[in-house]
Structures are given as C-alpha cells and as structure tokens.
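What follows is the residue order along each chain.
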Amino acid sequence: RLARDLLAKLAVERYIRPARRQRPPAENFAVHLPCCEVYQRLQADVGQAARALSAGSRELKSCARARMEELKQLSAELVWFQRHTQAPSPEARRARSTSTA
C-alpha cells in the first residue's frame, strides 16, 4: 500500500510541476549564434561540394565502363583482322596452286 501511494504521489508531482522553458534542439544551436550566417554558408558550401563530387564520381565510373566496353570491342576486331590478314602458310599456298591447276 505504501509503494502504491508513493507511486501515485510521484505521478501527481510530475504533472503539477511548472513547465520549464524549452531549449532549442542541439542541431539548431548554431542558428542562434551571431556567426550563424557563416556557419550556414559553410554548411551549404560543403553540401554543394559533396553533390559535385558525387556527380563527378558517377560520371567517371560511367566513362570507365564505356572505355572497357570499347576496349573489348576493339580487341575482338583486332583478333578478327589478324585471322583474316595473315599470310597463308607455304603448305596452304601449295595446296591452292595444285587444286587450281
């Protein structure tokens, strides 16, 4: 019974206490400082630089991917040209000359 009364008393005191003045949240603390304009400008500059870096990184990856595709294609073409432009061996020449005669 005493424990229940104590809990009831604490609950009533919690709701009867005068409300304290609210403090600004910690993340908005710099807004209330005299140098808040500089702080906000720096934050905007950092955000803009991060976005530019991210865009540049995406573009660089895209270019690297395109170069790798082009390199694969050129390598395949080189192999094809090498096969078709190689001089025939002497045995192949002899076989051709005897078959045409």
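Residues numbered from 1 in each chain as written. Predicted model: local features only at pLDDT ≥ 70, side-chain atom pairs only at ≥ 80, totals over all residues. Heavy atoms only, no water.

Undergrad: What is the right way to read the overall build of the chain from this model?
TA: Check the secondary structure of the chain and you find three helices and zero strands. From first element to last, N terminus to C terminus, the chain shows the α and β order α-α-α. Looking at the chain residue by residue over its 101 residues, the buried ones come to 2%. Counting every atom, the chain has about 10100 Å² of accessible surface; 60% of that belongs to carbon and sulfur. (Helix = DSSP H or I, 4+ residues; strand = E, 2+ residues; numbered from the N terminus. Buried < 20%, exposed > 50% of the residue type's maximum accessible area, 1.4 Å probe, protein only. Areas by Shrake-Rupley, 256 points an atom, 1.4 Å probe, with all protein chains shown as cover.)

Undergrad: Got a minute to help me understand the packing of aromatic side chains in this structure?
TA: What characterises a pair of aromatic rings is the spacing of the ring centres plus the angle enclosed by the ring planes. Under the defined criterion, the tally for this structure stands at one aromatic pair. Taken together, a centroid distance of 5.1 Å and an interplanar angle of 75° make the contact between Trp80 and Phe81 edge-to-face. Exposure remark for Phe81: the relative accessible area of 44% places this residue in the partly exposed category. (Phe/Tyr/Trp six-rings, centres within 6.5 Å; stacked < 30°, edge-to-face > 60°.)

Undergrad: Would you explain a nonpolar patch on the surface in this entry?
TA: On the surface, Leu6, Leu7 and Leu10 cluster together into a nonpolar patch covering about 310 Å² of accessible area. Looking at the element boundaries, Leu7 is found in helix α1 (residues 2-16). The class for Leu7 is exposed, based on a relative accessible area of 61%. (Patch = residues over 30% accessible without salt bridge, like charges linked within 9 Å, V, L, I, M, F, W, Y side chains within 5 Å. Salt bridge = Lys/Arg side-chain N within 4 Å of Asp/Glu carboxyl O.)

Undergrad: Could you clarify how one ought to interpret the environment of His84 in this entry?
TA: Relative to the elements of secondary structure, His84 occurs in helix α2 (residues 36-85). Side-chain polar atoms of His84 contact the backbone oxygen of Trp80, separated by 2.8 Å. (Polar contact = N/O pair within 3.5 Å; in protein donor to acceptor, adjacent residues only side chain to side chain.)

Undergrad: Would you take a moment to explain the confidence of the model for the chain for this structure?
TA: Do not read the predicted coordinates in detail wherever pLDDT is low. Residues of the chain with pLDDT of at least 70 account for 66%, and the chain-wide mean is 79. Ranking the elements of the chain by mean pLDDT puts helix α3 (residues 90-100) last, at 64, and α2 first, at 91. (pLDDT = per-residue confidence, 0-100.)

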